[in-house]
Amino acid sequence: MSAEEERAGVRLTNLDQPLFADAGATKRDLVDYLDAVRDRILPGLRDRPLSVVRVLRGQRPFMQKNVPKYTPDWVPTVRMWAESSQREVSYAVCGDRRTLLWFANQRAVEYHPALLRVGAPPVPTHLVLDLDPPEGGDFRIVVAAALLVRQALTDAGLAGVVKTSGAKGVHVFVPIEESTPIDDAAAATRALAARAERLDPALATTAYLREDRGGKVFLDSTRAAGATVVAAYSPRIRPGAPVSFPVDWTELDRVSPADFTLRTAAGLVAGRDPWAEAMPAPQRLPGDLLAEGRAIPVARVAAMHEGKRRARARRDAAG
């Protein structure tokens, strides 16, 4: 089998090279997988600014937001302000097979689209809660915390879908009306996390500072505004090359993130798209949820001030 070939007008090279350490896969496996699931992954990337995580031979993985200078002119791009880096960035927009294969040939393993659409008002299309286990925590406790989030959603009259993150956690997505202002979406996300935490404060926490989490599952409510979240069906740079994969709520306690990999995931979605099938219609956010969320401080800002306060206290104690 040749280490080079061409598909959809894209020259693919070095296909026999290992993808990354502990992947158990080659670059060809990445290309073949993304090509096989293109009709599943592309809807989540289309019309959205895209960041990717690439892993080049002999180098550490890195996130790429700005497209490189050698990007072909047929790859669509959009210039947008990136709050995290405080500068304007030229993002790729990946909506077709050719662009996806070009990224695969660039050894782009992870695909992180923004929650905002290109060419539309700057509003998010989904609320996202990112659930992370404590150090050494089992996936089962993340599942238990996800069910708290589901209950909080049900109590608010909302519905969401869940997928493995492809690492150790899960992502809960809640589609919302695209007339929802960014600040309202962020407030609702904070309120949902707080409500889930109150259902079982011994299991879940919204504490942003790691030292305050006390071995609990972290309900991260900061994925709002121009934030990105790894796409459904995207591979991850983790041992075994796992994939972020949709799971039915009723099956969540029966799976493991390791069940879904670069080698297995394509076969699991043959002829179907469980992410699209499970996704509810966009929903209006209830007023009481927004009011509660507006009263909750933004986690990163509150954590920054608290971190500074603790640093001053330590200096004073040492002085």
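The structure presented is a predicted model; accordingly, all values stated were derived computationally and were not measured. (Residues numbered from 1 in each chain as written. Predicted model: local features only at pLDDT ≥ 70, side-chain atom pairs only at ≥ 80, totals over all residues. Heavy atoms only, no water.)

**Quick notes on helix α5 (residues 182–199)**
For step 1, the next point in the chain: For α5, which comprises 18 residues, the first-to-last C-alpha distance of 26 Å matches the rise-based estimate of 26 Å (1.5 Å per residue) to within 8%.
For step 2, the next point in the chain: Of all 18 residues making up α5, 13 are buried, and the element is well covered by its neighbours. (Helix = DSSP H or I, 4+ residues; strand = E, 2+ residues; numbered from the N terminus. Expected span 1.5 Å × (residues − 1). Buried < 20%, exposed > 50% of the residue type's maximum accessible area, 1.4 Å probe, protein only.)

**Quick notes on the pattern of salt bridges**
For step 1, the next point in the chain: In the structure shown here, the tally under the stated rule is 21 salt bridges.
For step 2, the next point in the chain: In this structure, R11 and E4 form a salt bridge, with 2.9 Å as the shortest nitrogen-oxygen distance.
For step 3, the next point in the chain: Take R11: its relative accessible area is 52%, and that puts it in the exposed class.
For step 4, the next point in the chain: In this structure E4 comes out as partly exposed when scored by relative accessible area, which is 38%. (Salt bridge = Lys/Arg side-chain N within 4 Å of Asp/Glu carboxyl O.)

**Side note on the packing of aromatic side chains**
In this description, an aromatic ring pair is defined by two values, namely the gap between the centres and the angle between the planes.
For step 1, the next point in the chain: If you walk through the whole model with that rule in mind, you get six aromatic pairs.
For step 2, the next point in the chain: Relative to Y111, the ring of F103 lies with its centre 6.3 Å away and its plane at 85°, an arrangement referred to as edge-to-face. The two residues F103 and Y111 agree in class, both being buried.
For step 3, the next point in the chain: Pairing F245 with F260 gives two aromatic rings, centres 4.4 Å apart and planes at 5°, and the pair type is stacked. Of this pair, F245 sits in the loop between β12 (217–220) and β13 (246–247) while F260 sits in the loop between β13 and α6 (265–268), and the two are 15 residues apart along the sequence. (Phe/Tyr/Trp six-rings, centres within 6.5 Å; stacked < 30°, edge-to-face > 60°.)

**A short note on the sheet that holds strand β11 (residues 204–205)**
For step 1, the next point in the chain: In space, the six strands of this open sheet follow the order β11-β12-β8-β10-β9-β13, with mixed pairing throughout. Of all strands in the sheet, those with a lone pairing partner are β11 and β13, marking the two edges.
For step 2, the next point in the chain: Here strand β8 (residues 126–132) runs beside strand β10 (residues 170–175); their pairing, made up of six bridges, is antiparallel. The residue bridging D130 from the neighbouring strand is H171, located in β10.
For step 3, the next point in the chain: Along the sheet, helix α4 (residues 139–155) makes contact with β8, β9 (161–164), β10, β11 and β12, crossing β10 at roughly 15°.
For step 4, the next point in the chain: Of the strands in this sheet, β8, β11 and β12 touch α5, which is tilted by about 40° from β8. (Pairing = 2+ DSSP bridges. Contact = heavy atoms within 4.5 Å. Axes fitted to C-alpha atoms, helices over the stretch in contact; angles between N-to-C directions.)

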